[in-house]
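Structural features, examined
These are the residues of each chain, in order.
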Amino acid sequence: MWGTDAVHGLSNIMGATIFPHNIGLGMARDPDLVYRIGKATALEMLTTGVDWTFAPTIAVARNDRWGRTYESYSENPQLVAEYAPRIIEGLQGVLGSDEFLGPGRMLATAKHFVGDGGTTDGVDQGDTAVSQAELRDVHAAGYPPAIAAGVQAVMASFNSFHGEKMHGYKMMLDDVLVDRLGFDGLVVGDWNGHGQVAGCTNTDCAQSFNAGLDMFMAPDSWQPLYKSLLRRVKRGEVTAARLDEAVARVLRVKLRAGLFSAGKPSTRAHAGRFELLSSAAHQASAREAVRKSLVLLKNNGGVLPLQPGARVLVAGDGADNIGKQSGGWTLSWQGTGNSNAHFPHGVSVYAGLQT
């Protein structure tokens, strides 16, 4: 099972369709459009053999100083709650229907649980010191509808809640998410997030596992982490019951997704169908999303629409830079280091005005 951050389309593969980031989609106020974007993203991901996306982000960003605000649909929890199930249904299919996790569908992840958009002063991975009521009604607003839509994974958040890191917070990961909200998928960590739990390192963290994390995200620490967890099990610091519970949750998700009978990724139905990358239909949805996400502040004197042959000043180093216009999580983590040649189906603002 292979997961990747396809947070605004299959945005880490050159030539795939890139959709507006969540902050733009929130401005569109169109849950059905979000559904179609999820469906298109799943199809394009499946061409590369990927089973699982670490999306959608259903954080409710309340402070624009947070550097990941663009990954949030809105500061309005109601809008986030409306969008969450639709993007998940686009990715996974509608729960209870024949299409659920069927052909053309894949695993989705609701993230980051919980409170990542509410840290004090917008500090990334900081402390969310709000009341329990605000955490529930604002920051967790997207999770009940996401769970009702059948989301199969939830990612723990880097942030703390009143000083308690979410990656080691049993009351939230187990008692609330699983027992109270009824989530029956798998709980996955964020990038070495377990290493931030008190008393833990990236390579040793029984606390996080005991708190309800079923799968560590340990990109560069997994080998020593595996060995240390094995030692903890042999010492009885991690019970066989908890180990069995985590394994069962992971296997259950894999079984639902049909991975044990799917064959190699290269042999599956959509594998290698690269004509699906940036297909005409997907490009049409992307253009629609851009149109609906644009916000016109003023149009004094009828400046828009621009008249053919008009002289227009285009300024700024991002004017002819598709990578910068696309933002983070685009081919690279921060969306940097790219040239326009890396976007074969893209047109910069400057180039668009030229034509």
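Up top is the structure.
Worth saying up front: this structure is predicted, and the values here are computed from it rather than measured.

Parameters and conventions
Residues numbered from 1 in each chain as written. Predicted model: local features only at pLDDT ≥ 70, side-chain atom pairs only at ≥ 80, totals over all residues. Heavy atoms only, no water. Helix = DSSP H or I, 4+ residues; strand = E, 2+ residues; numbered from the N terminus. Salt bridge = Lys/Arg side-chain N within 4 Å of Asp/Glu carboxyl O. Buried < 20%, exposed > 50% of the residue type's maximum accessible area, 1.4 Å probe, protein only. Core = buried A, V, L, I, M, F, W, Y, C linked by side-chain atoms within 4.5 Å. Contact = heavy atoms within 4.5 Å. Axes fitted to C-alpha atoms, helices over the stretch in contact; angles between N-to-C directions. Left-handed = near helix turned anticlockwise from the far one by under 90°. Nonpolar A, V, L, I, M, F, W, Y, C, P; charged D, E, K, R; others polar. Pairing = 2+ DSSP bridges.

**Quick look at unusual backbone geometry**
Geometrically, the link from A55 to P56 is a cis peptide bond, its omega value of 15 degrees lying close to zero. Assignment of secondary structure puts P56 in the loop between β2 (52-53) and α3 (77-92). In this model, K111 is joined to H112 through a cis peptide bond whose omega is 0 degrees. With respect to the element layout, H112 can be found in strand β3 (residues 109-113).

**Brief notes about the pattern of salt bridges**
Enumeration over the complete set of coordinates arrives at 24 salt bridges. With a closest N to O distance of 2.9 Å, R105 and E99 form a salt bridge. Of the residues examined, R105 reaches a relative accessible area of 8% and is grouped as buried. Residue class for E99 comes out partly exposed when judged on its relative accessible area of 29%. Bridged by salt links that share partners, the residues K170, D174, D175, D214, R242, E245 and R249 form one connected network.

**Considerations on the nonpolar core**
Nonpolar side chains in soluble globular proteins generally cluster together in the buried interior. Counting residues in each nonpolar core, the largest one holds 64 residues, and the members touching the most others are F113, V114, Y143, V151, M172 and F216. If near-sequence neighbours (up to four positions away) are discounted, V114 is found in contact with L135, H139, A140, Y143, S157, N159, M166 and M172. Counting residues in hydrophobic clusters, the runner-up holds 14 residues, among them F100, A153, V188 and V250.

**Focus: the packing of helix α2 (residues 31-47) against helix α10 (residues 280-293)**
At their nearest, the axes of α2 and α10 sit 10 Å apart, and the two run at 145 degrees to each other. When the axes of α2 and α10 are compared, the crossing they make is left-handed. Residues L33, R36, I37, A40, L43 and E44 of α2 touch α10, and the partners they reach there are H282, S285, E288, A289 and K292. Residues that form the contact of α2 with α10 fall into these classes: five nonpolar, two polar and four charged.

**Description of the pairing of strand β5 (residues 153-156)**
A regular strand carries its side chains on alternate faces of the sheet. Burial of the side chains of β5 extends over both faces: A153 and M155 are buried on one face and V154 and A156 on the other. Strand direction decides the pairing type here: β3 and β5, joined by four bridges, are parallel. Bridge assignment links A110 to a residue of β5, and that residue is V154. The pairing of β5 with strand β8 (residues 186-191) spans three bridges and is classified as parallel.

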